[in-house]
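Notes for the structure review
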Amino acid sequence: MTLPWKLLLLLSIIDRLTDCMDSGSYHGPRWRMEPGDLFIPVDSIEEEATLTCDAKGSPPPQYRWSLNGTLINLGLDRRRRLSGGNLIISNLDRYQDVGMYQCMAYNTVGAILSRRASLQFAYLDHFKVHTRSAVSVREGQGVVLLCGTPTSSGDLTYAWVFNEYPYFVQQDSRRFVSQQTGNLYIAKVEPSDVGNYTCVVMNSITKGKVHSSPTSLILRTDGVMGEYEPKIEVNFPDNVPAAKGSTVTLECFALGNPVPEITWRRANGVPFPSKVKMKYSNAVLEIPSFQQDDTGGYECVAENKMGKNTAAGRIAFYGTPQWIQTMKDTALAIEERLYWECRANGKPKPSYIWLKNGQQLLSEDGVLSVSVLTLSDAGMYQCVAENKHGIIYFAAELMVLGRMRFFFLVTDPTRIIQGPVDMEIIVGESIVLPCQVSSDPVLDVSFSWAFNGHLITNGDGHFELRTAGDLMIRNIQLYHAGKYICVVDTDVESLSAVAVLIVKGPPSPPDSVTVEEVTDSTAQLAWSPGRDNGSPISNYLIQTRTLFTVGWQRVNAVPEVIDGSTLTATVVDLNAWVEYEFRVLAKNSVGVGEPSPVSVKTRTEDAVPDAAPGDVGGGGGSRSELVITWEPVPEELQNGESFGYIIAFRAFGEVSWTHVATSAPGASRYVYRNESIAPFSPFHVKVGTYNSKGQGPFSPVVTIYSAETGEDPSGMPAGVWARSVSASEIEVNWQALPITPERVLGYEVVYWEDDTKPETMGKVRVHWNHTSVTVHSLAGNTQYFLTVSAFNTAGTGPFLPAINVTTKKPPPAQPPLNVEWTLIGSQLSLYWEPVVAMESESEVTGYQLSYWRQRHKEVNTFTTANSTAELSLAENDDDYIIRIQTLSEGGLGPASDPIQIHKLSKFGFHRVEVGEEVLSALML
């Protein structure tokens, strides 16, 4: 039993330490807020800039600031002043104020430095005003139009206008706008490309926008460019650094005739994960949330029938320093030894320095050691970890105390009151193994854990040794199964407790996947089983991948369900003449295990094509031309070598077809030229396929027209006006054009939000006999600009200046809630909470009820101005379903949850339901 004098001695010791370290004593500075980077638009330099700096401490800290490592003398600087610890800069100067700032907080205990913060200015100068030379090229040749970006600071985006605003160049497999260079690349020039091109540069910080002088693109008259292999004009650097979690964008585009096809691959052959996106006909590869697994070599392949070229580079992972081990505030006696260690991860590996009160110390790596402390060693210390991508600071206070005399005491015995017990656990879960003791208060108690005879340290990412003695194991793996021992040590004794941990997990990967027999649509597989890891294998799954799939795909097999005792199956529904890889996964009650090693690549046998080209059409072109277009058959559906297309056409009234073959598997267009073709003559057209095994199917016959005379409409629709119909719809009206020399096929409405958002541009086309159209799927409470012009196959005519109209506010996002109803006989009464619109939403003008019998499709609607409704339901045994929506000028709002109304039974019972309460009564 603890003696009273011993308690008094212990309490006196604790009181003396507490007096030294309580909230009323002196403490060094601690950051509450550090400065952050600032990027200021130049056009706002009349305003002030504030760099924040705030620390707590006792006595309250004071502050100093430095710029680019030089102390700022605030007494002599009229433009800079302190407000608390914040540095306020007025009359900003683009040249004097740019740089790296750092704050120091200090008091009588010590000083600490803040993180470094940069102050930069964003700007976008105008293009130099001069006439740009025309660019002359042959039809079929590739061309690059240079933007010539003016001087700037801040992120830029680029777009190109064709002829006149708002007709932006639409990017496709033939045209590409690089967001790295700003240039416009046209892989293969066509007559429709002739015109004026203007580069538009936008600064994402200042929101400023500048236009270049136009560049004219004209066609040479000395012939057409022949076919040639791809020439890659846009590629990515040899080494691309990327931070964890960032989005990495690689660009690749080539000139060539025919237009090259762009594909991407990893140098190690590993397929792209599903998160990877291809944009602009594969000219842009985007990797969101970049991780260590995404590093390595990347290759872009540009290919046409004349050849191919490759661009390659590497993406290197880098990481800013992040703390994994830091020090704590420490109180030590004079002449004791100090040992502090800090560690950070990062790539490249960080280097370390130590600061005392803001001044650098001599130290090795991340270790600070003082063998004999003196009172002068007290103060604020900072460990600093830095690599070329970032720098971090961590602060701790060292207190140096005078020595006390301690006494040897008689202690009570130590006991383990809660120890670990044997357990079964699933892979991936986390547990805490307890080790709680009762001990004499004056004894120092230490805990240690051993796993299968080896001492556990905090260095293993799965284990955490807690100060109370417990052991936490995070994300348990199969190899964590075994014997765990908790050892408790004091100055006078040692105790231990043992537990056995059993870990169950998904099956180990199957092995030796082989392809035993192949046809043009099937493959027979066999494999050997892996370990079941404590739970029997219930079934197997088969996955495959090809050059044409993104990642691994589940496939159909015979048998359809492959049980755990079956080690062979036939994969079905494969494409002919495609190289496949296979892998097998096993499943048990815990989950699906890791996949088997990948099988050897196996190509299915070839077969006659069974797919016809899609989207066959055409029209347009030059005089005496018949232009035929189609959607190419994907390579994975071509079924064999020597794949090509058979184009068949005949004029109206003719019986026989004219056939032309092209051996380019990527072809999507054919032009038939003949002086005897009359303008705008109808033709029947179909496109078929063939390969080395034979001829495949033809597409359905479609009707197209030969080229017109080449004149687009000259008239402009007048009387253009528009009105907002709802939050997502605008109705546009105009007057029909009078009779014009040129044929008018219809009218085109072009709409967009504002000049800085070319991606919001859209267009709607209607037939020539329409003089109005409703534009759908617009943003609510947004101003749109609109133009109306006439069009034919030769092009689009002129238009009057744009008009603007603003969509209505959207309907309330909140559906009607807390619906209550009462049914007496066939009379239904409903009540609900009124919906109150937000300021950014349209006011509620009423409610619409939609109701229908449960076994019928006919929907009835009913409107009411209030939050109540009375309905008479038909006399039948069907239940009714009801939904309620708000009405507003912005349109219908979201519907309430469906309400099911139970009708009267034919035996004379009626039932009243209010919410979830049910009242039943017998009708007399």
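These numbers were taken from a predicted model, which means no experiment stands behind them. (Residues numbered from 1 in each chain as written. Predicted model: local features only at pLDDT ≥ 70, side-chain atom pairs only at ≥ 80, totals over all residues. Heavy atoms only, no water.)

Considering the overall build of the chain
From N to C terminus, the chain includes 1 helix and 82 strands. Its C-alpha radius of gyration of 38 Å places the chain more than 25% over the 29 Å reference for a compact globule of 924 residues. Over its C-alpha atoms, taken along the principal directions, the chain stretches across nearly 120 × 95 × 70 Å. Residue burial in the chain is summarised as follows: out of 924 residues, 42% are buried. A fraction of 64% describes how many contacts in the chain between residues 6 or more apart in sequence connect residues 24 or more apart. Charge separation in the chain, taken as the distance between the mean sites of 73 positive and 102 negative side-chain charges, equals 4 Å. (Helix = DSSP H or I, 4+ residues; strand = E, 2+ residues; numbered from the N terminus. Rg over C-alpha atoms; globule rule 2.2 N^0.38 Å. Buried < 20%, exposed > 50% of the residue type's maximum accessible area, 1.4 Å probe, protein only. Contact = heavy atoms within 4.5 Å. Lys, Arg positive; Asp, Glu negative; His and termini not counted. Charge placed at Lys NZ, Arg CZ, Asp CG, Glu CD.)

Brief notes about the nonpolar core
Among the nonpolar cores identified, the biggest contains 22 residues, and L51, W65, L87, I89 and Y101 are the most heavily contacted of them. Among the elements of the structure, β3 (49–51), β5 (62–67), β8 (86–89), β9 (99–106) and β11 (117–124) are those that each provide at least two residues to this core. When residues of this core are assigned to their parent elements, the largest contribution, 4 residues, is made by β11. Among all residues touching Y101, those that are not within four sequence positions of it are L51, W65, S66, L67, I72, R80, L87, I89, R115, R116, A117 and L119. With 21 residues, the next largest nonpolar core counts V240, L250, L285 and C300 among its residues. (Core = buried A, V, L, I, M, F, W, Y, C linked by side-chain atoms within 4.5 Å.)

Quick look at the pattern of salt bridges
All chains considered together, the criterion is met by 29 salt bridges. One salt bridge in this structure joins R175 and D172, with 2.9 Å as the shortest N-O distance. Judged by its relative accessible area of 25%, D172 falls in the partly exposed class. (Salt bridge = Lys/Arg side-chain N within 4 Å of Asp/Glu carboxyl O.)

A word on the UniProt feature "domain: Ig-like" (unreviewed entry) in the chain
In the UniProt entry, the feature "domain: Ig-like" (unreviewed entry) is given for residues 29–120, 125–216, 230–316, 321–399 and 413–496. Helix makes up 0% of residues 230–316 and strand 59%, whereas the separation of the span's terminal C-alpha atoms amounts to 28 Å. (UniProt positions renumbered as here; feature names shortened; annotations may be inferred.)

Some words on the sheet that holds strand β74 (residues 827–831)
On the basis of which strands lie adjacent, the open sheet formed by 3 strands has the order β73-β74-β77 and antiparallel pairing. The strands lining the two open edges of the sheet, one partner per strand, are β73 (820–824) and β77 (868–872). Recorded for the sheet is a direction-independent mean angle of 15 degrees between the axes of neighbouring strands. Alignment of β74 against β77, held across 5 bridges, turns out to be antiparallel. Bridge pairing links L828 to L871 in β77. (Pairing = 2+ DSSP bridges. Axes fitted to C-alpha atoms, helices over the stretch in contact; angles between N-to-C directions.)

Brief notes about the packing of aromatic side chains
For any pair of aromatic rings, the description consists of the separation of the ring centres together with the inter-plane angle of the planes. Counted by the stated rule, this structure contains 20 aromatic pairs. Judged by centre distance (5.3 Å) and plane angle (75 degrees), the ring pair of W832 and Y847 falls under edge-to-face. Taken as a pair, W832 in the loop between β74 and β75 (846–853) and Y847 in strand β75 lie far apart in primary sequence, 15 residues in all. Summarising the burial analysis for this pair, W832 and Y847 share the class buried. (Phe/Tyr/Trp six-rings, centres within 6.5 Å; stacked < 30°, edge-to-face > 60°.)

Section: the state of the cysteines
For the structure shown, the criterion picks out 5 disulfides. Shown here is the disulfide that connects C342 with C383, its sulfur atoms set 1.7 Å apart. Placement of C342 in the loop between β31 (338–341) and β32 (343–347) and of C383 in strand β36 (residues 379–387) is noted, with a sequence separation of 41 residues between them. Here the two residues C342 and C383 agree in accessibility, since each one is buried. Note on cysteine connectivity: C435 is disulfide-linked to C486, with sulfurs 1.9 Å apart. One quick way to see it: the torsion about the S-S bond of C435 and C486 is about -80 degrees, and its sign makes the bridge left-handed. Of this pair, C435 sits in the loop between β40 (431–433) and β41 (436–438) while C486 sits in strand β46 (residues 482–489), and the two are 51 residues apart along the sequence. Classification of C486 as buried rests on a relative accessible area of 0%. The connectivity of the disulfides in the chain is 1-2, 3-4, 5-6, 7-8, 9-10, where the numbers refer to bonded cysteines in sequence order. (Disulfide = S-S within 2.5 Å.)

Considerations on the side chain of Q102
Structurally, the position occupied by Q102 is in strand β9. With relative accessibility at 14%, the residue Q102 sits in the buried group. A polar contact of 2.8 Å, which involves the side chain of Q102, links it to the side chain of Y393. Not counting the four nearest positions on each side in its chain, Q102 is found in contact with R64, W65, S66, L113, S114, R115, R116 and Y393. (Polar contact = N/O pair within 3.5 Å; in protein donor to acceptor, adjacent residues only side chain to side chain.)

Re empty space enclosed by the protein
With the rule as written, the count across this model stands at 1 cavity of 30 Å³ or more. Lining the largest cavity we find V720, L786, T787, V788, F799, L800, P801, A802 and I803. The leading source of residues in the lining of the largest cavity is strand β70 (residues 783–792), at 3 residues. The residue inventory of the lining of the largest cavity, partitioned by class, reads 8 nonpolar, 1 polar and no charged. (1 Å grid on protein atoms, 1.4 Å probe; cavity = no way out; pocket = protein on both sides within 12 Å on 5 of 7 lines; lining within 4 Å. Points joined across faces, edges and corners; volume = space filled by probe spheres on them. Nonpolar A, V, L, I, M, F, W, Y, C, P; charged D, E, K, R; others polar.)

Observations concerning the sheet that holds strand β43 (residues 454–455)
The 5 strands are arranged β39-β47-β46-β42-β43 in an open sheet whose pairing can be described as mixed. Of all the strands in the sheet, the pair left with one neighbour each is β39 (423–426) and β43. Inspection of the sheet shows strand β42 (residues 446–451) paired to β43 by 2 bridges, in the antiparallel sense. Paired with A450 across the strands is L455, a residue of β43.

Side note on the pairing of strand β49 (residues 523–528)
Both strand β48 (residues 511–518) and β49 contribute to a ladder of 5 bridges, which runs antiparallel. Looking at the pairing, E517 lines up with Q524 of β49. The hairpin turn running from β48 into β49, its antiparallel successor, is 4 residues long. Pairing between β49 and strand β54 (residues 568–571): 4 bridges, direction antiparallel.

A word on the side chain of S829
By the secondary structure assignment, S829 is in strand β74. A distance of 2.7 Å separates the side chain of S829 from the side chain of E870, its partner in a polar contact. Beyond its immediate stretch of four places on either side in the chain, S829 contacts E820, W821, T822, A869 and E870.

Observations concerning the confidence of the model for the chain
Mean pLDDT over the chain: 88, with 93% of residues reaching 70 or higher. Element-level mean pLDDT values for the chain span from 31 in strand β82 (residues 917–922) up to 97 in strand β66 (residues 730–733). Counting contacts from residues 1–24, a segment whose pLDDT is below 50, to residues more than four positions away or on other chains yields 28 contacts. Note that residues 904–924 has pLDDT below 50 and, in this model, 31 contacts with residues that lie over four places away or in other chains. (pLDDT = per-residue confidence, 0-100.)

Quick word on the environment of N309
When you line up the elements, N309 lands in strand β29 (residues 307–325). Owing to a relative accessible area of 28%, N309 belongs among the partly exposed residues under this scheme. A sequence separation of 47 residues divides N309 from I262, and the C-alpha atoms of the two residues are 9.9 Å apart. Ignoring anything within four residues of it in the chain, the contact list for N309 reads E229, P230, I232, C300, V301 and A302. Here the side chain of N309 touches P230 through a polar contact of 2.6 Å, landing on its backbone oxygen.

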